[in-house]
Amino acid sequence: MAVCLPQANIDTDQLIPARFMSVPRAQGYGRFLLHDMRREEAGDLKADFPLNAQDGMSVLIAGRNFGSGSSREAAVYALVDSGIRAVFAPSFGDIFASNAVNNGLLPAQIDEATYETLSQTLERRPQTITIDLGARSLQLGSVGARFSIDDSWALKLINGWDDIDLTRHHRAAIAAFKNTRYQTTAWAWPNGAD
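Residues numbered from 1 in each chain as written. Predicted model: local features only at pLDDT ≥ 70, side-chain atom pairs only at ≥ 80, totals over all residues. Heavy atoms only, no water.

Re the overall build of the chain
Now for step 1: When you go through the chain residue by residue, the secondary structure sums to 8 helices and 7 strands.
Now for step 2: Against the 2.2 N^0.38 benchmark of 16 Å for 194 residues, the chain shows a C-alpha radius of gyration of 21 Å, more extended than a compact globule.
Now for step 3: Oriented by its inertia axes, the alpha-carbon framework of the chain measures out at about 70 × 45 × 25 Å.
Now for step 4: When each of the 194 residues of the chain is scored for burial, the buried share is 41%.
Now for step 5: For the chain, the share of sequence-separated contacts (at least 6 apart) that also reach a separation of at least 24 residues comes to 58%.
Now for step 6: Counting only carbon and sulfur atoms, one obtains 48% of the accessible surface of the chain, whose full area is about 10,600 Å².
Now for step 7: With 18 positive and 22 negative side-chain charges, the chain shows a separation of 5 Å between the mean positions of the two kinds. (Helix = DSSP H or I, 4+ residues; strand = E, 2+ residues; numbered from the N terminus. Rg over C-alpha atoms; globule rule 2.2 N^0.38 Å. Buried < 20%, exposed > 50% of the residue type's maximum accessible area, 1.4 Å probe, protein only. Contact = heavy atoms within 4.5 Å. Areas by Shrake-Rupley, 256 points an atom, 1.4 Å probe, with all protein chains shown as cover. Lys, Arg positive; Asp, Glu negative; His and termini not counted. Charge placed at Lys NZ, Arg CZ, Asp CG, Glu CD.)

Quick notes on the UniProt feature "domain: Aconitase A/isopropylmalate dehydratase small subunit swivel" (unreviewed entry) in the chain
Now for step 1: Residues given the UniProt feature "domain: Aconitase A/isopropylmalate dehydratase small subunit swivel" (unreviewed entry) here are residues 6-112.
Now for step 2: This span, residues 6-112, is 24% helix and 11% strand, and a straight line between its end C-alpha atoms measures 12 Å. (UniProt positions renumbered as here; feature names shortened; annotations may be inferred.)

Topic: the packing of helix α4 (residues 94-102) against helix α6 (residues 151-159)
Now for step 1: Where α4 contacts α6, the two axes come as close as 9 Å, and the packing angle between them is 30 degrees. Relative to α6, the element α4 is oriented roughly parallel. Each of A97, S98, V101 and N102 in α4 lies in contact with α6, whose residues at this interface are W153, K156 and L157.
Now for step 2: Here the residues of the contact of α4 with α6 sort into 4 nonpolar, 2 polar and 1 charged. (Axes fitted to C-alpha atoms, helices over the stretch in contact; angles between N-to-C directions. Parallel < 35°, antiparallel > 145°, perpendicular 65-115°, else oblique. Nonpolar A, V, L, I, M, F, W, Y, C, P; charged D, E, K, R; others polar.)

A few points about the side chain of R72
Now for step 1: Take R72: it is sitting in the loop between β2 (59-62) and α3 (74-81).
Now for step 2: Once residues within four sequence positions are removed from consideration, R72 is found in contact with T12, D13, I16, P17, A18, M21 and N99.

Focus on the sheet that holds strand β3 (residues 86-89)
Now for step 1: Strands sit in the order β1-β2-β3-β4 across an open sheet of 4 strands; the sheet is parallel. The open sheet has two free edges, formed respectively by β1 (2-5) and β4 (106-109), since each of these has just one partner strand. Pairwise comparison of adjacent strand axes, ignoring direction, gives a mean angle of 20 degrees for this sheet.
Now for step 2: The sheet contact formed by β2 and β3 spans 3 bridges and is parallel. Considered in β3, the bridge of I61 is made with F88. (Pairing = 2+ DSSP bridges.)

Comments concerning the sheet that holds strand β6 (residues 137-140)
Now for step 1: Overall, antiparallel pairing links the 3 strands, which are arranged β5-β6-β7 in an open sheet. Each edge of the open sheet is held by one strand with a lone partner, namely β5 (129-132) and β7 (143-146). Strand-to-strand twist of the sheet, defined as the mean angle between neighbouring strand axes without regard to direction, takes the value 15 degrees.
Now for step 2: Relative to β6, β5 runs antiparallel, the two being bridged by 4 bridges. When the sheet's bridge partners are listed, D132 is paired in β6 with S137.
Now for step 3: Sheet contacts for helix α5 (residues 112-121): β6 and β7; angle to β7, the most-contacted strand, approximately 150 degrees.

Remarks on the pattern of salt bridges
Now for step 1: Scanning the entire structure with this criterion turns up 6 salt bridges.
Now for step 2: Across the salt bridge formed by R19 and D36, the nearest N and O atoms sit 2.4 Å from each other. Of this pair, R19 sits in the loop between α1 (12-15) and α2 (35-38) while D36 is found in helix α2, placing the two residues 17 residues apart along the sequence.
Now for step 3: Residue classification places D36 among the partly exposed residues on the basis of a relative accessible area of 42%.
Now for step 4: A salt bridge links D151 to R136, with the shortest nitrogen-to-oxygen separation between them at 2.8 Å. (Salt bridge = Lys/Arg side-chain N within 4 Å of Asp/Glu carboxyl O.)

Structural notes on the pairing of β1
Now for step 1: Here β1 shows no split at all, with A2 and C4 on one side and V3 and L5 on the other all buried.
Now for step 2: In this structure, β1 lies alongside β2, joined through 4 bridges in parallel fashion. Note that in β2 the partner of C4 across the bridge is I61.

Laid out in structure tokens, this is it:
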């Protein structure tokens, strides 16, 4: 299910306020996601806040500059621990997007017109969304759209890889480079090195 958070500049401190980061990750950060935005002062959930509308939300449509601010990886943990698997926005904080991919969360970039269309489609209620990461496309009701993501990030997400796996994927090219380099600059290698 997809839900829209029609706001720009959601930063990492809003995603998870610093005061909750002393909680061990093993206890989960999902309950702290957007804590101060989702709750009344007394701690009750706001009935009209989009993420409080229904359980089972796994896709978030958000405004530009999502995840800006500090390099707080816990912001991604809060999203993932609450069940969010993809965020679509016109732009992301660079460090947030990298942390997202490294934790299995899709940071899919959409243009402003697509954001407006998706947010209007979700205005009435959350809806089912289908994502095809390989084709870089989504389907939300009758609305189809394209998104972008770096090819290496998509490869990591599709395969469940980390950076080491991505490097191993290129091992034949690395071995060929090493062999060519050894043959052309043997003088630069220590004696006995292969």
